[in-house]
Amino acid sequence: MSELKAPGKSFAISKREVWEAWEKVKANKGAPGVDGCSIGDFEADLKNNLYKIWNRMSSGSYFPPPVLAVEIPKPHGGGTRVLGVPTVADRVAQTVVARRLEEKAEPVFHKDSYGYRPGRSALDAVAVCRKRCWKYDWVIDLDIQKFFDSVPWDLMVKAVEARASEPWVVLYVRRWLAAPVQTVGGTLRQRDRGTPQGSAVSPVLANLFLHYAFDVWMARQFPGVPFERYVDDAVVHCTSHAQALAVVEAIGGRMGQVGLRLHPGKTRIVYCKDGNRQGSHEHTSFTFLGFTFRQRRARNKQGRSFSAFLPAISKDALKKISAEVRSWRLHRRMGHTFSELARRINPVVRGWMQYYGAFYRSAMCQLLSRINAYLVRWIRKKYKRLPVRALDMGSLGCACLVNRMARAR
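Residues numbered from 1 in each chain as written. Predicted model: local features only at pLDDT ≥ 70, side-chain atom pairs only at ≥ 80, totals over all residues. Heavy atoms only, no water.

(A) Representation of the overall build of the protein chain within the structure. The secondary structure content of the protein chain amounts to 14 helices and 11 strands. Its C-alpha atoms give the protein chain principal-axis dimensions of roughly 80 × 60 × 40 Å. By sequence separation, contacts in the protein chain at least 24 residues apart represent 68% of the contacts at least 6 residues apart. Here the protein chain displays about 20,600 Å² of accessible surface, and carbon together with sulfur accounts for 51% of that area. Distance between charge centroids for the protein chain: 9 Å, based on 67 positive and 34 negative side chains. (Helix = DSSP H or I, 4+ residues; strand = E, 2+ residues; numbered from the N terminus. Contact = heavy atoms within 4.5 Å. Areas by Shrake-Rupley, 256 points an atom, 1.4 Å probe, with all protein chains shown as cover. Lys, Arg positive; Asp, Glu negative; His and termini not counted. Charge placed at Lys NZ, Arg CZ, Asp CG, Glu CD.)

And the structure:
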């Protein structure tokens, strides 16, 4: 489809862009917004719905509806957060803008920025953080207080203007930032700052803002101080406690300059204590992207045991997963076959193992044993004629049933 501006239209937005944005929205699925229109409802009149989006966006007359505020659990446990759910049509429009903006911003992003970027993942950030914790004795565990609720609009738009060459990208970003939030009860709430977490355009806006507010500033002010950032979650590595104190004070000042602040109770300086680093400090552990870094037992290639500073699944993440496992009530699903249970829980358990089992997998053993116990109870109820000895899974080792099920296809 030609990129030339359509006759009578203010902006050069192709129909192909809108179609590709729809395909991405459909693949991501998601819940309905304030209009109650689901993916299936939208697709029932797909041609007309996409044409309306293209027609309004290319003429400059597209105005976003309110965003539905929904409270959901945090991804790695530790409380809840408010998610902004746009309508399906608005997600398509946002994806059109986000793709254009990513094309301009991606080449300039910092190499240690990992959130929502192609070819990069949270596990990549954790892996780099692990290596640097072995090299650097001190860590600053940064927590930007309510970033998505408090980021100032003027600086956000300024960051967008620095990379976007199309005026319509800036125009629609301004409109999305100003879109009101609607509660589940129907109450509209106007905002004067922040960007709803959960919208299609929010990740690239957050990355772009923090690229200038943090990444570029760090590279300029502290070129020898490495860090890993996943959107608003960051870890900074220092060689000494004195350096860490100076850096965290400077970062706090920088956040104040850009309208943000570090959380005083969650931003901490941490000592990477292990077998070779035997100093003392108030904090000797921190959590990053669902993994808690602390001193743990490990074995070298010769099988000798030693102490290292390593990441493993955090207590909050383990607590959240355990609650989900309990909610399955596996031992009461008497109407299911073993294959049906496997098809239900395999993708979930496999996803947990692929993420949280990527580092210090043995920390998952207790969880997998709990799933085994539920499955054994299910077997005992469903196949009562089997002798108890045949159901004794203890000798089969940790996570035997789960591992067999997770390998099934």
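(B) Focus on the pattern of salt bridges. By the definition in use, this model includes 12 salt bridges. With its nearest N and O atoms 3.0 Å apart, the salt bridge here joins arginine 100 to glutamate 166. Of the two residues, arginine 100 is situated in helix H4 (residues 88-105) and glutamate 166 in the loop between helix H7 (153-163) and helix H8 (167-178); the sequence distance between them amounts to 66 residues. Look at arginine 100 and you get buried, because its relative accessible area is 10%. Using a relative accessible area of 14% as the deciding quantity, one classes glutamate 166 as buried. In this structure, the salt-bridge partner of aspartate 112 is lysine 111, at a minimum N-O distance of 3.2 Å. Residue classification places lysine 111 among the exposed residues on the basis of a relative accessible area of 53%. A network of salt bridges, in which partner residues are shared, links Lys111, Asp112, Arg132 and Glu228. (Salt bridge = Lys/Arg side-chain N within 4 Å of Asp/Glu carboxyl O. Buried < 20%, exposed > 50% of the residue type's maximum accessible area, 1.4 Å probe, protein only.)

(C) Local environment of the nonpolar core. In terms of nonpolar packing, the biggest core is built from 111 residues, with Met57, Val236, Ile251 and Phe286 touching the most fellow members. Not counting residues within four places of it along the chain, the set of residues in contact with methionine 57 comprises Phe11, Ile13, Tyr62, Ala93, Val96, Val97, Trp168 and Tyr172. (Core = buried A, V, L, I, M, F, W, Y, C linked by side-chain atoms within 4.5 Å.)

(D) Representation of the packing of aromatic side chains. Applying the stated criterion across every chain, the model contains 19 aromatic pairs. Relative to tryptophan 54, the ring of tyrosine 51 has its centre 5.7 Å away and its plane inclined at 45°; by these criteria the two rings are tilted. Taken together, the residues tyrosine 51 and tryptophan 54, both in helix H3 (residues 46-59) and three residues apart, mark about one turn of the helix. With a relative accessible area of 8%, tryptophan 54 lands in the buried category. One aromatic cluster in this structure is built from Phe291, Tyr355, Tyr356 and Phe359. (Phe/Tyr/Trp six-rings, centres within 6.5 Å; stacked < 30°, edge-to-face > 60°.)

(E) Up close: unusual backbone geometry. Its identity as a non-glycine residue notwithstanding, valine 231 has a phi of 55°, on the positive side. Look at valine 231 and you get buried, because its relative accessible area is 3%. The phi dihedral of arginine 329 falls on the positive side, at around 50°, and the residue is not glycine. Here arginine 329 falls in the partly exposed class, since its relative accessible area comes to 39%.

(F) Seen up close, the sheet that holds strand E10 (residues 291-299). With antiparallel pairing, the three strands of this open sheet are ordered in space as E9-E10-E11. Strands with a single pairing partner mark the edges of an open sheet, and in this sheet they are strand E9 (286-288) and strand E11 (305-313). Neighbour-to-neighbour, the strand axes of this sheet turn through a mean angle of 50°, independent of strand direction. Pairing geometry for E9 and E10, over three bridges, is antiparallel. (Pairing = 2+ DSSP bridges. Axes fitted to C-alpha atoms, helices over the stretch in contact; angles between N-to-C directions.)

(G) Representation of helix H9 (residues 202-221). If you check H9, its first and last C-alpha atoms are 27 Å apart, about what 20 residues at 1.5 Å a residue would give, namely 28 Å. Along its length, H9 shows its largest kink, about 50°, at histidine 211. Where burial is concerned, most of H9 is hidden: 14 out of the 20 residues are buried. (Expected span 1.5 Å × (residues − 1). Bend = angle between axes of the 7 residues up to and from the residue.)

(H) Here's a closer look at a positive patch on the surface. A contiguous patch of positive charge on the surface is contributed by Arg329, Arg332, Arg377, Lys381 and Lys384. Its place among the elements puts lysine 384 in the loop between helix H13 (365-382) and helix H14 (400-407). (Patch = residues over 30% accessible without salt bridge, like charges linked within 9 Å, V, L, I, M, F, W, Y side chains within 5 Å.)

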